[in-house]
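Chain by chain, the residues run as shown.
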Amino acid sequence: MGQYVAPLRDMHFVLHELLQVEDELKQLPAHAEMDADTINQVLEEGSKFASNILFPLNHSGDKEGCHYNKETQTVTTPKGFKEAYKQYVEAGWAALACDPEYGGQGLPLIVNNSFYEMINSANQAWSMYPGLGHGAYECLQEHGSEEMKRLYLPKLTSGEWTGTMCLTESHCGTDLGLLRSKAIPQADGSWSITGSKIFISAGEHDMAENIIHLVLARVPDAPEGSKGISLFLVPKFIPNADGTLGKRNGITCGAIEEKMGIHGNSTCQMNLDGATAWIIGQPNKGLNAMFVFMNAARLGVGMQGLGITEVAYQNALAYAKDRLQMRSLSGVKASDKPADPIIVHPDVRRMLLTAKAYAEGARAFTSYVAMLIDRELSHPDADVKKDAADQVALLTPIIKAFITDNAWIATSDCLQCYGGHGFIKEWGMEQYVRDARINLIYEGTNGIQALDLLGRKILLDNGAKLRKFGAQIQEFVEENGLDEAMTEFVTPLGDLGDKVTKLTMELAMKAFQNQDEVGAASVPYLRIVGHLVYAYFFARMAKIALAKQDSGDDFYKAKLATARFYFARLLPETAGLIRQARAGSATLMALDADLF
Ligand SMILES: Cc1cc2nc3c(=O)[nH]c(=O)nc-3n(C[C@H](O)[C@H](O)[C@H](O)COP(=O)(O)OP(=O)(O)OC[C@H]3O[C@@H](n4cnc5c(N)ncnc54)[C@H](O)[C@@H]3O)c2cc1C
C-alpha cells in the first residue's frame, strides 16, 4: 500500500554539501578514514532494507497488531516482523555504529541516524524494537560495569538481544520521583526487584532471544523523590558467564495495551516479582545514568517524527499529482483531462510544501545534531567535545518536541490532501496520523520538553548555551548580510535571533518573580526557538542552492523554492507565538479549578 522511496538525494545534499561530513569526520581519529562513497553505499543498502523489507510490513503490522498469550505470558509480533528482524541482525545493521571492541562496525553515528530516518519512514512500530536495543547499548556502555559490558554489549551490538526502558508506573509518568518499585540487596551482590511497570515498549516479544530491561527502582531507605532512584539491569533470561541463556528471570508481561497507533509494537505491563537485578552505577544516582538512554530515545523519537513526515509527504504528493478535481483558478492546466490534478490548487500546494519543508528542515537539523554527537564522542580536543555536548543538550528537547509537533501537523495536512479518501483505511494515510500522535507523548511529553528547554537548558545556565548557538547564527548573518541574493533569508533570520534574545531576557526577569511564568511561556517559546533553528538551516541550504541554481540540476531549484516557502509561510508563525509567550501566566491561572 502506498510507497516509500528513501530520499537519498536530499540525504547526500545534507551530509556532503551542507555539513561537509567527510571533512568533519577527518577531525575524528575514529572515523578519519570514512569517505563519502562508503557513506552513500551504506545508505543505499539501508534504503533497500527499509523499502523492500520493512515498508511492506507497515500496514499489515498495523492491521494485525501484537498478540498476547495469557497462559505463557508471551507476545507474538505481527506476521513478518520476526523474519525482518532476523535479516536486520544478519545484515549487521544493529552493529553499524557500535564500538568494534564489542563487535560493532564503528561507523559514525551520523550514518546510523540517516539509516534510522529510513526505517522509521518505512515502519515506525517495527523500528522501535531495535531502537530501544541501541539505547540500552549506549546506557550500558557509559554507565555499566566492566563485567556488564563484557556480557551484554556484544549481544546488544549484534542485535541478538534487545533492550527496554522501564520507568513508568501506573501512578507515575512525568514525575518519576513517585515511583515505588523496590530493590532489595542480596548476599551475592545482586538485587531483587518487586514492582509493576506499565507502557513498556517492546517489553515482551518474539523477535530476539533475550530482552535486557533497564529498570528504575528504589533501594531501602532511599531519599524520597527523584534523589532516591536507582537504575538496574534485569535480563529476561539471566545469561551464563559465557553469554549463553540461563534461568528465566522473574520479570513477565501481564498484558499488552490496545492503543491508537503503532499497533505493531508491543506496549507491555511488566511485572517484577523478585526479579534478579544488578545495579548500574551508584544507588540513588539512577536517573543520571538513565538520562543517557532517555536522551538517546528523545533524539530517536524526533527521528520518528522526521521519518513519518517524509513518508506521508511522498504519498500525498503522488496522490495530488494523480487525483483530478476542479480546474485551476488561473486557467486550465490539463486540457486533455476532465479536470486538473489537485496539485494545481494553491491550498493543496500549501499542505504539500508544509510537509516537504518540515521534512527537509528536520533532516538538516537532526543530521547536524548527529554530527555534534560524533564530535562529542570522538573529538580529540576536550574543549570541542564540551562545546558539542552543550549544543546537543540545548537542542535535544527541540528535536524531540518541534519535529514531532510538526509531524503531527504534516501528517494531518497530508491526510487532508486525500480528502475523504484520507480518512478511509485503504489508502494508509490515517495510519500515519495515528502513529505520529504517540511521538508527542512518550519520552517526556512535548510540554515537558518545553519546560526542560526554557527552565533547565536556558534559564538555569543563564542562557550560556543559547548564546553560543546564537553566536553561530549571528556569524552566518554577518557573513552573508551584504549578499543581496541572501537578504530574503538573512534579514528574517537575524531579526528572529534578536527577538529570541530579547524574549529570553524578558522571560528570565518574569521567572525571577514567579516560576509559573516559565510554564506559561515554555511551549510557544520552544516553537519559536525551533523556528530559529530551521531558519538558520534553511538559510544555509538556500545559500548552497543559490550558487547552484543554474547548474542544470533541478534539485537546487526545488531546494530554493522550499526555503522561500518556509520563510514566507511557516516562519511568520513566530510573530503570534512571541505574543503568546509574552502573554504571561495571569490569564492561565486566574480561573479557580472549581470554576472550569
Ligand atoms: C505507546 C506508549 C509507549 C510507551 N513506552 C514507554 C517505555 O518504553 N518506557 C516507559 O517507561 N514509559 C513508556 N511510556 C510512558 C510515557 O513515557 C508516559 O506516558 C509519558 O511520559 C507521560 O506520562 P503519563 O502518561 O503518566 O502522563 P502524566 O505524567 O500523568 O501527564 C499528564 C499530562 O500532564 C502534563 N504534565 C505533567 N506534569 C506537568 C508539569 N510539571 N508541567 C506541565 N505539564 C505537566 C503532561 O505533559 C501531560 O500532558 C509509553 C507510553 C505509551 C502511550
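In case you missed it, the structure is sitting above this.
This part covers helix α18 (residues 554-570). An ideal rise of 1.5 Å per residue puts 24 Å on 17 residues; α18 measures up with 23 Å between its terminal C-alpha atoms. The set of residues buried in α18 consists of Phe555, Tyr556, Lys559, Leu560, Thr562, Ala563, Phe565, Tyr566, Phe567 and Leu570. Capping the start of α18, Asp553 holds a side-chain oxygen 3.0 Å from the backbone nitrogen of Phe555, two or three residues further along.

Before going further, it helps to examine the environment of Gly519. Position of Gly519 among the secondary structure elements: in helix α17 (residues 516-548). A relative accessible area of 45% means that Gly519 is categorised as partly exposed. Residues Gly519 and Gly195, spaced 324 residues apart in sequence, show a C-alpha to C-alpha distance of 32 Å.

Further remarks concern the site of the ligand. Around the ligand lies a shell of 17 residues, among which Met165, Thr168, Thr174, Phe199 and Thr445 are the nearest. Between a nitrogen atom of the ligand and a main-chain N or O atom of Met165, the distance comes to 2.8 Å. Between the ligand and Thr445, the relevant distance is 2.7 Å, taken from an oxygen atom to a side-chain nitrogen or oxygen of the residue. Among the elements of the structure, β5 (191-201) and α14 (446-459) are those that each provide at least two residues to the shell around the ligand. Take the shell around the ligand: its biggest share by element is 3 residues, from β5.

Attention shifts here to the pairing of strand β11 (residues 267-280). Within a regular strand, the side chains alternate between the two sheet faces. Relative to β11, β5 runs antiparallel, the two sharing 9 bridges. From the neighbouring strand, Lys197 faces β11, where its bridge partner is Met270. Both strand β7 (residues 230-235) and β11 contribute to a ladder of 3 bridges, which runs antiparallel. Within β11, the position partnered with Leu233 by the bridge is Trp278.

Rules used throughout
- Residues numbered from 1 in each chain as written.
- Predicted model: local features only at pLDDT ≥ 70, side-chain atom pairs only at ≥ 80, totals over all residues.
- Heavy atoms only, no water.
- Helix = DSSP H or I, 4+ residues; strand = E, 2+ residues; numbered from the N terminus.
- Expected span 1.5 Å × (residues − 1).
- Buried < 20%, exposed > 50% of the residue type's maximum accessible area, 1.4 Å probe, protein only.
- Polar contact = N/O pair within 3.5 Å; in protein donor to acceptor, adjacent residues only side chain to side chain.
- Near = heavy atom within 4 Å.
- Pairing = 2+ DSSP bridges.

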